[in-house]
Amino acid sequence: MFDFVSFIPRAVAQGVPLMLGSTGETLTQKSGNLNLGLPGVMYVGAICGVIGSFMYETNTAAESMNGFLAVSIPLICCLAGSLLMGLLYCFLTVTLRANQNVTGLAMTTFGVGFGNFFGGSLIKLTDSEVPSIALSATSGYFKASLPFAGDLGWFGRIFLSYGMLAYVAVAIALSCAFFLRRTRAGLNLRAVGEDPATADAAGIDVTRYKYKATCIGCMIAGLGGLYYVMDYASGVWSNDAFGDRGWLAIALVIFTMWRPGVGIFASILFGGLYILYLFIPTGMDLAVKELYKMLPYLVTIAVLIIVSLRKSRENEPPRHLGLAYFREER
Amino acid sequence: MNNGKVRVPLLHISRRAALPWYKAWGIRAAAIVLALVVCGLITTLLTGEDPIALYLSMLDGAFGTSRRAWVLMQNVAILLCVSLAVTPAFKMRFWNIGGEGQVLVGCLATAACMITLDNVLPNWLLIIVMLAASLIAGGLWGLIPAFFKARWNTNETLFTLMMNYVAIQLVAFFIIIWESPAGSGKVGIINQQSQMGWLPQVGPNRYMLNILTVALLTVAMYVYLKYSKHGYEIAVVGESERTARYVGIKVERVIMRTMIISGALCGIAGFLLVAGTDHTITTTISDNRGFTAVMVSWLAKFSPVFMVFTSFLIEFLGRGASEIATDFGLNEAFGDILTGVILFFIIGCEFFITYKLHFRGFKTRGAAENV
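Here the focus is the overall build of chain B. Of regular secondary structure, chain B possesses 14 helices and 2 strands. When its C-alpha atoms are laid out on the principal axes, chain B stretches across 90 × 60 × 35 Å. For chain B, the residues scored as buried account for 47% of the 371 residues in total. Pairs at least 24 apart in sequence give 78% of the contacts found in chain B among residues at least 6 apart.

Structure follows, in structure tokens:
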């Protein structure tokens, strides 16, 4: 019998970074910006949080650490770092109207390099005497789950065993879904993504909406990186460990048809596919496990194809996705 | 109204008609210089070293010894090959960011032939079979997303992206099957004794053949895009699919044909990597060139001739930056940061080539002319 009680919590833990990443990217794409720099943004968010908490942990004695500060310092650093990446992307693509694909790829190069550089040389740069970046104290605060979760058997393990960022992720996804569907600002934002010229004529400030949506989207995605390091990886930074999750988050946006609410389940499903190879008995055959790791990508491809086959109006991407807007060009 | 006063915005942006090429490249050169200054500043802040020493160390890293210069040229050649490969697709507005995967399957096909056929065929025939296999594998990897794009307009950016990871896992699968020595988790040098399937050395250096091949490909791609009927069709489809349909171009066929060519050229890059230099296969053998090539091609405005310069520039900067990193004891990822900064500047400067800024102060005279 397949062990769901141990499988689901791990799938969720894998899924949360994807959920945050895809929620942020959905918001961004709704404004017409296709941000391929998302993997870079998530790396920068993660490493900024690590730098913040590293500074705090090395300068504070373990017993005098304050739980509130230990959580809020990395959180603020992470948000600030990913906000800067968002601003950079907006400045290049919205203000300077650069090609979005190229800007995004350059941001990924930069962001991944930035993460690996500071992850690899933070200890050297700060002359501290620890062997590796292992922020176990901070991670403890991030991972803290409800104290009675352990007493509730399978229910506790499946629903209550996660750190607070996981619940924050769900809350953000739900509020994004509400924002896009049910508020005037959300309607305006969708209008900007569909047809900026019409939105502009209707008196919507296209540039401001694009900037806000992209920057907030990047901050949400950055949290995904933070969750990965602080919760999933228990505060241990290792270079390139975050891997290709950023790209998968972008794929999830399409998988969910730009609906953050659906994204909650889809990202957990993807998280499950990501680790399914650990749960399928293949014996000693390591090679076959490598083939199982293809699953999330193959599923994404299948979904891409199915979506394009169905061609329903509601499932179309924002019409102006990937294009810069210049008022004087019609 | 307000005594006839008109409110003039501080800044007004308009599109330039066209900029002579030397001015455009002047702006780009200025951006690169500015980027290098910023990179110097960043490095000085982090290491406290003299910036001049940094630039010297960059030059030394790229050209310091003849070996380094050859390695640099070899890397430029492979990057150029991948960039050439993705270019026809981009001209068609088909965002092929799957160069990475297409190179990898090319590598995989080449390695597969080298491993399984080394005692079956004579060396010259083996090399031909390897080349053909890599062409077919790369072409197929490019054709799959193109087929769905042409038929059902499936999003090609994400499709090609996902194909990269499928290719990576496929390579990982075969690496475990072929691993030697057993348990090492990698494929050692293939056919080390017999050197079966290794490309012969031409001229003074073993990299020479790769460089010559890519030089030929560059000329061929230039001619193909500029003077052939196919090249013209690609340009029309890229500018406007509707126009292309109207004049009777079979858009679906052009998309699929172009992506086969694009993928096959990536396959050649993989062939050159495995048979020409590395003689082994890893999941990271392509070293993100599929992504870097996108930027190289775009920076060169999809012109194969300019791509020689841009791929050289990117490789030189990357090599130089990693030399800085080793010289000053920094993590090697520092090179990526510098490359990123330089790219931001180059990307940003395109704005000043396409558009013109009018400030309020200068406007008083110009306004009358503009009306």
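Here we take up the overall build of chain A. Across its full length, chain A carries 14 helices and 0 strands. Along chain A, helices (α) and strands (β) appear in the sequence α-α-α-α-α-α-α-α-α-α-α-α-α-α when read from the amino end. Computed over its C-alpha atoms, the radius of gyration of chain A comes to 20 Å, within 12% of the 20 Å expected for a compact globule of 330 residues. Judged by the C-alpha coordinates and their principal axes, chain A covers about 60 × 50 × 40 Å. Of all 330 residues assigned to chain A, the portion counted as buried reaches 51%.

Residue and element names in this part refer to chain A. Their axes nearest at 9 Å, the elements helix α3 (residues 67–95) and helix α5 (residues 136–143) cross at an angle of 95°. Considering the angle they form, α3 stands roughly perpendicular to α5. Residue-level contacts link Gly67, Ala70, Val71 and Pro74 of α3 to Ala137, Thr138, Tyr141 and Phe142 of α5. When grouped by side-chain class, the residues that make up the contact of α3 with α5 number 6 nonpolar, 2 polar and no charged.

Glancing now at the confidence of the model for chain A. Mean pLDDT for chain A: 84, with 93% of residues reaching 70 or above. Of all the helices and strands in chain A, helix α6 (residues 153–159) of chain A carries the lowest mean pLDDT, 72, while helix α10 (residues 206–232) of chain A carries the highest, 92.

Our focus in this paragraph is α10 of chain A. Residue and element names in this part refer to chain A. Between its terminal C-alpha atoms α10 stretches 38 Å, which fits the 39 Å expected from 27 residues at 1.5 Å a residue. Of all 27 residues making up α10, 24 are buried, and the element is well covered by its neighbours. Serine 234 sits one or two positions beyond α10 and adopts a positive phi of about 55°.

Take the nonpolar core next. Of all hydrophobic cores here, the largest spans 212 residues; its most connected members are Cys81, Val82, Met162 and Ala269 of chain B. The leading source of residues in this core is α10 of chain A, at 17 residues. With residues up to four places along the chain from it excluded, the contact list for alanine 269 of chain B reads Ile78, Cys81, Val82, Ala85, Val103 and Gly106 of chain B.

We now examine the interface of chain B and chain A. Taken together, the contact between chain B and chain A spans 38 residues of the former and 40 residues of the latter. Listing elements by their share of the side of chain B that touches chain A, those giving two or more residues are β1 (11–15), α5 (123–152), α6 (156–178), α11 (289–299) and α13 (334–354) of chain B. Examining the composition of the side of chain B that touches chain A, we find that 12 residues originate from one element, α13 of chain B, more than from any other. Partitioning the side of chain B that touches chain A into residue classes produces 26 nonpolar, 9 polar and 3 charged.

For the rest of this paragraph, the subject is helix α2 (residues 51–63) of chain B. Each turn of an α-helix holds 3.6 residues, which means side chains three or four residues apart point in the same direction. Residue and element names in this part refer to chain B. Taking 1.5 Å of rise per residue, 13 residues should cover 18 Å, and α2 covers 19 Å from first to last C-alpha, within 8% of that figure. Those residues of α2 that fall on the buried side of the exposure criterion are Leu54, Ser57, Met58 and Gly61. One side of α2 holds all its buried residues, which, seen down the axis, span an arc of 105°. Residues of α2 that are exposed and point more than 90 degrees away from the buried face comprise Ile52 and Leu59.

This brings us to the environment of leucine 174 of chain A. Along the chain, leucine 174 of chain A turns up in helix α7 (residues 164–182). Placed 151 residues apart in sequence, leucine 174 of chain A and threonine 23 of chain A show a C-alpha to C-alpha distance of 9.4 Å.

Turning our eyes to something else, we now look at the pairing of β1 of chain B. Residue and element names in this part refer to chain B. Counted residue by residue, β1 has 0 buried out of 5 residues, so it is predominantly exposed. With 5 bridges joining them, β1 and strand β2 (residues 355–359) adopt antiparallel strand pairing. When the sheet's bridge partners are listed, serine 14 is paired in β2 with lysine 356.

On to unusual backbone geometry, then. Residues and elements named next belong to chain B. For asparagine 288, which is not glycine, the phi dihedral falls at a positive 60°. Here asparagine 288 shows up in the loop between α10 (251–278) and α11. Despite not being glycine, phenylalanine 302 shows a phi value in the positive range, around 60°. By secondary structure assignment, the location of phenylalanine 302 is in the loop between α11 and α12 (304–327). On the basis of neighbour counts, which here come to 19 C-beta atoms within 10 Å, the residue phenylalanine 302 falls in the partly exposed class.

Quick look at the confidence of the model for chain B now. Should pLDDT be low for a region, the predicted coordinates there are not to be read in detail. Residues and elements named next belong to chain B. In the predicted model, chain B carries a mean pLDDT of 83, and the fraction of residues at 70 or more is 95%. The secondary-structure element of chain B with the lowest mean pLDDT is helix α14 (residues 360–370), recorded at 48, while α5 shows the highest, at 91. Of the regions scoring below 50 in pLDDT, residues 363–371 engages in 3 contacts with residues more than four places distant in sequence or in other chains.

Quick notes on the rules
Residues numbered from 1 in each chain as written. Chains lettered and ligands numbered in written order. Predicted model: local features only at pLDDT ≥ 70, side-chain atom pairs only at ≥ 80, totals over all residues. Helix = DSSP H or I, 4+ residues; strand = E, 2+ residues; numbered from the N terminus. Buried ≥ 20, exposed ≤ 12 C-beta atoms within 10 Å, placed from the backbone. Contact = placed C-beta atoms within 7 Å. Rg over C-alpha atoms; globule rule 2.2 N^0.38 Å. Axes fitted to C-alpha atoms, helices over the stretch in contact; angles between N-to-C directions. Parallel < 35°, antiparallel > 145°, perpendicular 65-115°, else oblique. Nonpolar A, V, L, I, M, F, W, Y, C, P; charged D, E, K, R; others polar. pLDDT = per-residue confidence, 0-100. Expected span 1.5 Å × (residues − 1). Core = buried A, V, L, I, M, F, W, Y, C linked by C-beta atoms within 7 Å. Arc of directions from axis to C-beta. Pairing = 2+ DSSP bridges.

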